[in-house]
Amino acid sequence: MKPLDPRLLRYAKSARLFLVAGGAVGLATTGCIVAFAFLLTTLITRAIDGAPLDTLWPFLGALVAVILVRAVLVWANDALSARAAARVKGELRTQIVDATTTLGPAWMSGRSSSDIATLAGRGVDALDDYFSKYIPQLLLTAIATPVIVLSMFVTDWLSAVIVIVTLPLIPVFMILIGWATQAVQQRQWQALGRLSRGFVDTLGGLATLKIFGRQNRQVERMSRITREYRVETMKVLRVSFLSSFALELAASLSVAIVAVSVGLRLVDGSMLLPAGLFVLLLAPEAFLPIRQVGANFHAAAEGVTAADEAFAILDEARARRAGQGAKPAPVASSGEPVASSLRRAEADPSAPTAPVAAGLAVSGLSVSYGDDVVVQEFSARFEAGSLTVLSGPSGSGKSTIVAALNGFVPAVGRIAVDGRDVASDRSVDDRAWLAWAGQKPGLIFGTVAENVALGDAQPDEPLVRRSLERAAIADLDPRQELGVGGSGVSGGQAQRVAIARALYRLESRGCRVLVLDEPSSALDHATEARLIARLREVARAGVAVIVVSHRQAFLSAADAVVTIAPVSAAGATARARTRATTGAPRGVER
């Protein structure tokens, strides 16, 4: 990371205001430094000359005022830094979460969730020192050092030249030490990541380890990872202490050269006391800001490393968004609202399907993971008002097609809703047309109602109950508390709560397409039959219902079946066979 990474200004708008305000504080602090040296020099030299006490009081009062102003500026700088750090951390955390959403599950599958959690937690928190110590000193160095050197040059050009010649030694030491610090800090951050992943993995598999009597082996493993992290942390501290010593030594020697030069000229009478004393008071201040930059860089090193990783993720997400184009503007769904259609279909099962939408069309859809082609040239049409089953052997790409519909994986091809291309038509909102439930329920700690209405700022209780009823789980109390990961309900119940969540979104957001991935894998035959009947009612409301399943009950009840053949078996192009039916399902394939 650069001394001041421009990506920080791009992703954290609060940092811009902080830099402006910090620059103003740094300028005022520089004025106080020069004023303090001038007033103190004047007081001492006049006192030595035997000036009356009453003539010294104005200078003494001004000196006290400068000291008080500088104290206020220090307080203002600390308060400003704390506020800026809090805002920037909030902005970065929000953008990291948004970036993971943009990059999708396919991107997350190649990374550990504990690494992302550590980055958004401890990593972003480490920016406190970066904003409270490093950035203020960097600003003060950029402002104070030139002003102080210029003041010295006006008073004594020889001392200023000595400072100008010796001052670059400190940045040179900082660069050399910075390379070493970056390497050891990166190893420490990687060790922290291994520690986080190891702890999460052990905690998640503790029950299995206990059953097989292997829990004690994990104690040794965690101890080893902890020792590695401790060793890497001590290396960072060792480099920090050594670098601080090197910077202090360089600065002290430089100030000593100025002091010796001034002292010799005072002795031989070539320099007056006021000029010599003024220069001696300013010389340490010329080196202090840049010394503090080096020292505070080590204090902020962990935050700098975390920020680098965060910016890499944000850059990748930004590139992904640029490749996808601008986000379309949301519009109202055409035709009869889904909520009205659902209630009408439930009240009168014999009523004809509402002509509300043409459905979903997929053309030439291809998905690759690296060099492996998972789905190639897949094309199908999912009619509104129909229950379509997407079937095929394991590994044929059914879930990948669902992921592509969700925008979770990069895909090539065309996806159109009601004839409008999702990628290019701004009249189609970004996935506002889609309600989805995956193979994993993804329940969270909270009530059943909170899980069903997830993401809704003001949950609709009647709609929650209707959604549970449509998911064939009307007997589950919406007020029931669920534990972490949805503990407290059976696998089949958790699966239906996830389906209810998709149905809640379907009605509350007016979605035109409902996609369910293996919705009955944990259900008995009777419950599965009730769920299928409910889903057919949903389809009758004019919704394109797509179910990924290989269960015979769904295959028999479907209005259409799209069968996927694996790419390896189908050759260059994945074939899709569709069985179309009208009214009751028929065994006709085409």
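Residues numbered from 1 in each chain as written. Predicted model: local features only at pLDDT ≥ 70, side-chain atom pairs only at ≥ 80, totals over all residues. Heavy atoms only, no water.

A. Local environment of the overall build of the chain. Helix and strand counts for the chain stand at 19 helices and 12 strands. With 590 residues in all, the chain has 46% of them scored as buried. At a minimum sequence separation of 6, the contacts of the chain that also span at least 24 residues come to 76%. For the chain, the accessible surface area stands at approximately 28400 Å², while carbon and sulfur atoms represent 62% of it. (Helix = DSSP H or I, 4+ residues; strand = E, 2+ residues; numbered from the N terminus. Buried < 20%, exposed > 50% of the residue type's maximum accessible area, 1.4 Å probe, protein only. Contact = heavy atoms within 4.5 Å. Areas by Shrake-Rupley, 256 points an atom, 1.4 Å probe, with all protein chains shown as cover.)

B. Structural context of the nonpolar core. Ranked by internal contacts, the top residues of the largest apolar core, which has 42 residues, are Val452, Leu506, Leu514 and Val545. Looking at this core element by element, the count peaks at eight residues for helix H16 (residues 491-509). In terms of nonpolar packing, the next biggest core, distinct from the first, is built from 39 residues, Ala84, Ile96, Leu139 and Ala191 among them. (Core = buried A, V, L, I, M, F, W, Y, C linked by side-chain atoms within 4.5 Å.)

C. Examining the pairing of strand E3 (residues 387-391) more closely. With five of five residues buried, E3 is to be regarded as a mostly interior element. Neither face of E3 is exposed, since Leu387, Val389 and Ser391 on one face and Thr388 and Leu390 on the opposite face are all buried. The sheet contact formed by E3 and strand E10 (residues 544-548) spans four bridges and is parallel. In the strand pairing of E10, Val389 is matched with Val547. Across four bridges, the pairing between E3 and strand E11 (residues 560-564) is parallel. Across the sheet, residue Leu390 finds its bridge partner in E11, namely Val562. (Pairing = 2+ DSSP bridges.)

D. Quick peek at a nonpolar patch on the surface. A cluster of nonpolar residues, Leu150, Phe153, Val154, Trp157, Leu158, Val161 and Val165, forms a patch on the protein surface that exposes about 710 Å² of accessible area. Among the elements that take part in the nonpolar patch, helix H6 (residues 157-166) stands out by supplying four residues, more than any other. Examined against the element boundaries, Val161 turns out to sit in helix H6. Exposure remark for Val161: the relative accessible area of 33% places this residue in the partly exposed category. (Patch = residues over 30% accessible without salt bridge, like charges linked within 9 Å, V, L, I, M, F, W, Y side chains within 5 Å. Salt bridge = Lys/Arg side-chain N within 4 Å of Asp/Glu carboxyl O.)

E. Looking closely at helix H5 (residues 127-155). Helix length check: H5, at 29 residues, gives a terminal C-alpha distance of 40 Å against a target of 42 Å (1.5 Å per residue), a fit within 8%. The largest bend along H5 measures about 30° and falls at Tyr134, with the proline Pro136 one to four residues further on. (Expected span 1.5 Å × (residues − 1). Bend = angle between axes of the 7 residues up to and from the residue.)

F. Expanded view of the environment of Ile499. Note on placement: Ile499 falls in helix H16. By relative accessible area, which is 2% here, Ile499 ends up buried. As a C-alpha pair, Ile499 and Asp517 span 18 residues in sequence and 9.6 Å in three-dimensional space. If sequence neighbours within four positions are ignored, Ile499 has contacts with Ala437, Ala471, Leu516, Pro519 and Leu531.

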